[in-house]
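As a plain string of letters, each chain reads:
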Amino acid sequence: MLKRLLLLTLCVLLLVAPCACGEAAEEEESTPGTNQTQKTVPATYVPDETINRFIVALKTRGAFKNLDILSGTSPDEFVVLLGECRISLTAGKRGMAVVVQADRGETGQKNLFAVFSLLTQVADKSCTEAQLEEAFAFMKQYTDTASPSHRVCNEVKIMSYSPSVKVGGTETGHRLDLLIYNYVAAGQTQ
C-alpha cells in the first residue's frame, strides 16, 4: 500500500510540479507591507556544485520532501534515497553518472521507472512522454540480461538496465545506469 502511495505521489509530482531543468532555482519572497522582494540563495546539499545543482532542480520539482543524502564509496559520489530507490550521483567529464537501484520484482521495477521518469524530465525538459514510453518499452524487453545503451532524449542516455533476476536462489534488485549530458563536472567541458 505504501509503495502504491509513493508511486502515485511521484506521478502527481511529475504532472503538476514546475521544472527547474538543470538550473539552481532562486525564490523571490515578498515582504508583507512593502514593495521589496528578496532573493533567496538555493540551499547547498552537497559540496559538489554539479550534483548540488541537480538536487536543487529535483527539490524545485517537489521530488524530495525529506532529503536523505549519504556519501558514496568515493569522495565524488553522493547517494540520495528516494522511497524504495537508491540513487547514486557522480559528476564527470562527459556528464553526470546516475545509478538507480530498486527492490526486486514488479514493484521494484515500477518504482525504478517512476524515478527514471522524474530524473529524465528534470535533466531534459524537452523529453516527451513518447520518448519515456519508448525507453520503458526498451527496458522491459530485457527480462533476464542487461541491456545495451539507448539514447532516451537529447540529454539522457541509458548506459545499461539490469532487471531483477534470480541467481543461485537469490533474486537481485533492478539497476539502471544513466548518463546525463548537461550536468558536467565543474571545470570540465563536454
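Residues numbered from 1 in each chain as written. Predicted model: local features only at pLDDT ≥ 70, side-chain atom pairs only at ≥ 80, totals over all residues. Heavy atoms only, no water.

Draft legend 1. The nonpolar core, seen in detail. Formed by 41 residues in total, the largest nonpolar core has its most connected members in Phe54 and Phe116. Broken down by element, this core gets its largest block of residues, eight residues, from helix H3 (residues 105–123). Residues contacting Phe54, with those up to four places away along its chain left out, are Leu89, Met96, Leu119, Val122, Ala123, Ile180 and Tyr183. (Core = buried A, V, L, I, M, F, W, Y, C linked by side-chain atoms within 4.5 Å. Buried < 20%, exposed > 50% of the residue type's maximum accessible area, 1.4 Å probe, protein only. Helix = DSSP H or I, 4+ residues; strand = E, 2+ residues; numbered from the N terminus. Contact = heavy atoms within 4.5 Å.)

Draft legend 2. Looking closely at the pattern of salt bridges. Counted under the stated rule, the structure contains two salt bridges. Across the salt bridge formed by Glu106 and Lys110, the nearest N and O atoms sit 3.4 Å from each other. Of this pair, Glu106 and Lys110 both sit in helix H3, four residues apart, which is roughly one turn of that helix. Residue classification places Lys110 among the partly exposed residues on the basis of a relative accessible area of 42%. Residue Arg175 is joined to Asp177 by a salt bridge in which the shortest nitrogen-to-oxygen separation is 2.8 Å. Residue Asp177 is classed as buried on the basis of its relative accessible area, which comes to 15%. (Salt bridge = Lys/Arg side-chain N within 4 Å of Asp/Glu carboxyl O.)

Draft legend 3. Here's a closer look at the state of the cysteines. Counted by the stated rule, this structure contains zero disulfides. Free cysteine Cys127: the closest other cysteine sulfur is in Cys153, separated by 3.2 Å. (Disulfide = S-S within 2.5 Å.)

Draft legend 4. Structural context of the packing of aromatic side chains. Inspection of the entire model under this criterion finds four aromatic pairs. Between Phe113 and Phe136 the ring centres are 4.9 Å apart and the planes differ by 20 degrees, which places this aromatic pair in the stacked class. Note that Phe113 is positioned in helix H3 and Phe136 in helix H4 (residues 129–140), a separation of 23 residues in sequence. Judged by centre distance (5.4 Å) and plane angle (65 degrees), the ring pair of Phe138 and Tyr142 falls under edge-to-face. Like Tyr142, Phe138 is buried. (Phe/Tyr/Trp six-rings, centres within 6.5 Å; stacked < 30°, edge-to-face > 60°.)

Draft legend 5. Broad picture of the side chain of Ser164. Within the fold, Ser164 resides in the loop between strand S8 (156–162) and strand S9 (166–167). Judged by relative accessible area, Ser164 falls into the buried class, the value being 13%. One polar contact links the side chain of Ser164 to the main-chain amide nitrogen of Gly105, over a distance of 3.3 Å. Those residues in contact with Ser164, other than ones at most four positions away along the chain, are Arg104, Gly105, Thr143, Glu171, Thr172, Gly173 and His174. (Polar contact = N/O pair within 3.5 Å; in protein donor to acceptor, adjacent residues only side chain to side chain.)

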